[in-house]
Amino acid sequence: MSQKLHKAATPELSDVKLTGGLFGKVYDNTREHVIPYMWDILNDSDDIKAASMFVETDKKGEEEYPSHCIANFKIAAGEEKGNFYGMVFQDSDLAKWLEAVSYMLAAKRDPELEAKADWAIDLVEKAQEEDGYLDTYFTLNAPDKKFTDLMECHELYVTGHMMEAAVAYYEATGKRKLLDVMLRMAKLIDSKLGPADQGKMPGYPGHEEIELALVKMYRATGEEWLLNLAKFFIDERGQEPKYFVEELERNKNSYFSKYNPPYGMYSFGQEYAQYHLPVREQKEFLGHAVRCMYLAEGMIDVARETGDTGLLDAVKDLFHNMIERKMYVTGGIGSSADGERFTGDYDLPNNTVYAETCASVGLVFFMQKMLELEQNSVYADVMERALYNTCLASTSLDGKNYFYVNPLEVNPAIIKQNPDLRHVKPVRPQWFGCACCPPNLARMIASLGKDIYCVNGDKVFVHLYAANEASLKVNGQDVKISMETNYPYELSVRITPSAGKYTVALRIPDWSRGCYEIKVAGDKIDAKLVNGYAMIDRDWNGSDVIEITFDDKVKRVYANPNVISDIGKVAIQYGPVVYCLEEVDNGSNLHSLFLTGDNTFTKTWKADKLGGIVELKA
Ligand code: FUB
Ligand code: ZN
């Protein structure tokens, strides 16, 4: 294999402490309240009502159990009697929860939380079959159908999430029980799937996720066969003869295809699961948006470990096509509810849009990986856009209610009548019967500390602005960075770097390009801009403060004129935040509001509104 691609270092979670502001608040709330709340749900707390994904006029719109996730594991482990309940990928909610917990523990150990996680890991181990197989849906429902329906049945997706949890828990606590459990499952998968000339089935996941997880397992264990399997899954996708074409032929009349007739997920077409072409030949994201994000992550990971720059270039092409033609101003992606997918260029409707929370969570992870390889502010700009305007906006202030889909325009009065809006919820539900977005958001929030900086040689790159104290290693020297700000409400930041000779590279966000000011020790400086970062190269004395002031004008943002749905429309953005008009403060008939060219905005800090916001008036 050729040399790995060079990567910048991302600090450990224990080395970046969020010290207030919006990120700090959301992070602390997730640690103290949301993670315990989710644990209660996974254990089927009576107080929680899980919504079904779609508004069904003839059904009550609520699921029978909030989750049944832990119950499925207990039944599979032989500790309880009962039946499997939930989606085929119900196990993934526990995996995502365990990953979120691991990131919290990596930042700060907590014996009580760790005891819960240990208990859950023991249970997972007990649910594992003799040969290493682990997936409660198949163990309980279809033991003779394992690995026969890689399209519909999500075995490899669930495994991927549990592998991510295993690596995160191992890295946080040094405990390797879950890692060993997942190594056994990986061995089993490796014995079944792989190159046909090795006597294996040349199958790959219907829902990507395991690729990136195998690379994490490889990095944690050094076992090369894990990387080879990830590479096989990436390379085999879309090759002729197509595995899924043959699988469909085998499964046409099977039990699984009846799960979602006529032929389940196959009916969405090959693009849905990105096997229409080999991945290197795909030039635009098509199909299911979450799948696309995890595929991109897997491609980056494999490219990084194998030195495959061609594979990385393919990801960059996909990325640019997406941000130029297929992404909302909110960083939402996947404009169609049918197949939760990307559609064609500039097809960005505002009301029927899906924009799943998980797709934007995946986008944030994707951007974080790109930033490690290439410090270009375009990735951080997209990360920031998705983070504030879809990921964080998808949850309520207390973190206990969630949007699964994130439309840009909602008229509650017509949702029930319009079948094209079946997926839209006017109010955030407490949970969803479908194992998915909420714990994905939790693992993203728990790992926010990884998104702020990276270090490349003698340069500290600042990608995001949030109050924090960080300890970094820069060219072998210990560096401390202290950041004070009430960003995104105040668009100014104070940074105090500790003594030493190194460069602080500050991202100049796209919305502030050409209009910002940087002072060091009170003196205005003209820092060179490289790939969107202002480079301040200095022998720091430990007390000099960098003060950055970004453009604090309220911006009108217009879509590309090819976006038919946005003709005559304007979005309002202040700093990185795209604003929302709601009936609560603007009355109904929001669609009849308009701005004239000479309208000006006033900005007022409202400490007691929505946990503190900058209110705009025009
Ligand atoms: O299929 C597993 C997950 O459920 C997907 O990533 C989401 O889009 C939701 O459909
Ligand atoms: Zn989701």
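Residues numbered from 1 in each chain as written. Chains lettered and ligands numbered in written order. Predicted model: local features only at pLDDT ≥ 70, side-chain atom pairs only at ≥ 80, totals over all residues. Heavy atoms only, no water.

## Structural notes on the coordination of the zinc ion (ligand 2)
So, point 1. In this structure, Glu356 (OE), Cys358 (SG), Cys436 (SG) and Cys437 (SG) serve as the protein donors to the zinc ion (ligand 2), at separations of 2.0 to 2.3 Å.
So, point 2. Metal-centred angles of 94 to 127 degrees between the four donor atoms at the zinc ion (ligand 2) mark the site as tetrahedral.
So, point 3. Donor residues for the zinc ion (ligand 2), ordered by position in the chain, follow E-x1-C-x77-C-C. Here the residue Glu356 occupies a position in the loop between strand 4 (341-342) and helix 13 (357-373), and Cys437 occupies one in helix 15 (residues 437-446), the gap between them amounting to 81 residues. Exposure class is identical for Glu356 and Cys437. Each is buried. (Donors = N, O, S within 2.8 Å, 3.2 Å for Na, K, Ca; no water. Tetrahedral: all angles 85-135°; square planar, octahedral: opposite > 155°, others 65-115°. Helix = DSSP H or I, 4+ residues; strand = E, 2+ residues; numbered from the N terminus. Buried < 20%, exposed > 50% of the residue type's maximum accessible area, 1.4 Å probe, protein only.)

## Considerations on unusual backbone geometry
So, point 1. Pro241 follows Glu240 through a cis peptide bond whose omega is -15 degrees.
So, point 2. Looking at where Pro241 falls in the secondary structure, it is placed in the loop between helix 9 (224-236) and helix 10 (243-251).
So, point 3. Across the junction of Tyr487 and Pro488, the peptide omega takes the value 10 degrees, indicating a cis bond.
So, point 4. Take Pro488: it is sitting in the loop between strand 9 (477-485) and strand 10 (492-497).
So, point 5. In this structure, Asn475 is a non-glycine residue whose phi angle is positive, near 50 degrees.
So, point 6. Within the fold, Asn475 resides in the loop between strand 8 (468-474) and strand 9.

## Structural notes on the sheet that holds strand 6 (residues 453-456)
So, point 1. One open sheet holds the five strands; their spatial order is 6-7-11-15-14, and the pairing between them is mixed. Of all the strands in the sheet, the pair left with one neighbour each is strand 6 and strand 14 (528-530). Averaged over all pairs of adjacent strands, the angle between their axes in this sheet comes to 30 degrees, without regard to strand direction.
So, point 2. Examined bridge by bridge, strand 6 and strand 7 (residues 459-462) share four bridges and lie antiparallel to one another. From the neighbouring strand, Cys454 faces strand 7, where its bridge partner is Phe461. (Pairing = 2+ DSSP bridges. Axes fitted to C-alpha atoms, helices over the stretch in contact; angles between N-to-C directions.)

## Observations regarding the environment of Glu129
So, point 1. Among the structural elements, Glu129 can be located in the loop between helix 4 (111-127) and helix 5 (136-141).
So, point 2. Residue class for Glu129 comes out partly exposed when judged on its relative accessible area of 24%.
So, point 3. Discounting residues that sit within four places of it in the chain, Glu129 has contacts with Thr139 and Lys146.
So, point 4. Here Thr139 takes part through its side chain, which lies 2.7 Å from a polar atom of the side chain of Glu129. (Contact = heavy atoms within 4.5 Å. Polar contact = N/O pair within 3.5 Å; in protein donor to acceptor, adjacent residues only side chain to side chain.)

## Some details on the site of ligand 1
So, point 1. As a matter of local geometry, ligand 1 sits amid Phe89, His154, Tyr157, His207, His288, Val290, Glu340, Glu356, Tyr404 and Cys436.
So, point 2. A distance of 2.7 Å is found between an oxygen atom of ligand 1 and a side-chain nitrogen or oxygen belonging to His207.
So, point 3. Across the shell around ligand 1, the residue classes break down as five nonpolar, three polar and two charged. (Near = heavy atom within 4 Å. Nonpolar A, V, L, I, M, F, W, Y, C, P; charged D, E, K, R; others polar.)

## Observations regarding the nonpolar core
So, point 1. One finds Leu94, Phe366 and Leu506 to be the most contacted residues of the largest nonpolar core, which totals 200 residues.
So, point 2. With six residues, the next largest nonpolar core counts Tyr328, Leu348, Val353 and Val563 among its residues. (Core = buried A, V, L, I, M, F, W, Y, C linked by side-chain atoms within 4.5 Å.)

## Points about the side chain of Thr10
So, point 1. Mapped onto the fold, Thr10 is located in the segment before strand 1 (16-18).
So, point 2. For Thr10, the side chain forms a polar contact with the side chain of Glu372, separated by 2.5 Å.
So, point 3. With residues near it in sequence (within four places) discarded, Thr10 still touches Gln368, Glu372, Lys450, Tyr453 and Cys454.

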